[in-house]
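# Secondary and tertiary structure notes
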Amino acid sequence: MDDDPHEGPDDYAEEVLAVVERIPPGRVMSYGDIAEYVGRGGPRQVGSVMSTWGGGVPWWRVVRSDGRPASGHEVRALSHYAAEATPMRPGGDRVDMRRGRWDGHG
């Protein structure tokens, strides 16, 4: 994958970003969920796409498999979760993946 921001996102990045744009408000997908949905790459590749190109999509809807938001963006992500009524785990610092995970359909 070519992550040169001067050239624009490659096909893989475009696929990942298109999935992220489809995640409904109040729902999330993990990095691994997105990789599985597009059928190639893995969590790290999705993370790379998000760190390079994710600013223009609802990035807060992409979380770690345990429901934690992207490192360094927790405060902003938590405000989005509150605004979208995303289901949270007790303690309020992680998304409840059982209730909040989106499967890519509907």
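Scroll up to find the structure.
Positions within a chain are numbered from 1, following the residues in the order the chain's sequence is written. Owing to the predicted nature of the model, reporting of local features is limited to residues with pLDDT of at least 70; listing and counting of side-chain atom pairs is limited to 80 or more, with chain, interface and lining totals taken over all residues. To get the side-chain values, take all heavy atoms of the structure and skip hydrogens and water.

## A word on helix H2 (residues 31-38)
Relative accessibility under 20% of the residue-type maximum defines a buried residue, over 50% an exposed one, and the middle range a partly exposed one, all with a 1.4 Å probe and only protein chains included. Secondary structure elements follow DSSP: runs of H or I of four or more residues count as helices, runs of E of two or more count as strands, with numbering from the N terminus. Listed in full, the buried residues belonging to H2 are Tyr31, Asp33, Ile34, Ala35 and Val38. The secondary structure elements touched by the buried residues of H2 are helix H1 (11-22), strand E1 (29-30), helix H3 (43-53), strand E2 (62-63) and helix H5 (97-100). At the C-terminal side of H2, Gly39 shows a positive phi close to 85°. Any two residues whose heavy atoms approach within 4.5 Å are treated as being in contact.

## A closer look at the packing of aromatic side chains
For any two aromatic rings, the description comes down to two numbers: the centre-to-centre distance and the angle of the planes. Side-chain rings of Phe, Tyr and Trp (the six-membered ring for Trp) are treated as a pair once their centres are within 6.5 Å; stacked means planes under 30 degrees apart, edge-to-face means over 60, and tilted covers the remaining angles. Scanning the entire structure with this criterion turns up one aromatic pair. Consider the rings of Trp59 and Trp60, whose centres lie 5.6 Å apart with planes at 85°: the pair is edge-to-face. Each of the two residues, Trp59 as well as Trp60, counts as buried.

## Some points on the nonpolar core
Core analysis: the biggest nonpolar cluster contains 28 residues, and Val16, Ile34, Val46 and Met50 have the highest contact counts within it. Taken together, the elements giving at least two residues each to this core come down to H1, H2, H3, E2 and helix H4 (74-84). At six residues, the largest contribution of residues to this core is made by H1. Setting aside residues no more than four positions away along its own chain, Val46 makes contact with Tyr12, Val16, Tyr31, Ile34 and Ala35. Take the buried Ala, Val, Leu, Ile, Met, Phe, Trp, Tyr and Cys residues and link them wherever side-chain atoms come within 4.5 Å; each set so joined is a nonpolar core.

## Topic: the pattern of salt bridges
By definition here, a salt bridge exists when the distance from a side-chain nitrogen of Lys or Arg to a carboxyl oxygen of Asp or Glu is within 4 Å. Across all of its chains, the model carries five salt bridges by this definition. A salt bridge links Arg101 to Asp33, with the shortest nitrogen-to-oxygen separation between them at 2.8 Å. In this pair, Arg101 sits in the segment after H5 while Asp33 sits in helix H2, placing the two residues 68 residues apart along the sequence. Given a relative accessible area of 34%, Arg101 falls into the partly exposed group. The closest approach of N and O atoms between Arg61 and Glu84, which form a salt bridge, is 2.6 Å. Of this pair, Arg61 sits in the loop between H3 and E2 while Glu84 sits in helix H4; the two residues are 23 residues apart in sequence, bridging distant segments of the chain. Glu84 matches Arg61 in its accessibility class, with the two residues each being buried.

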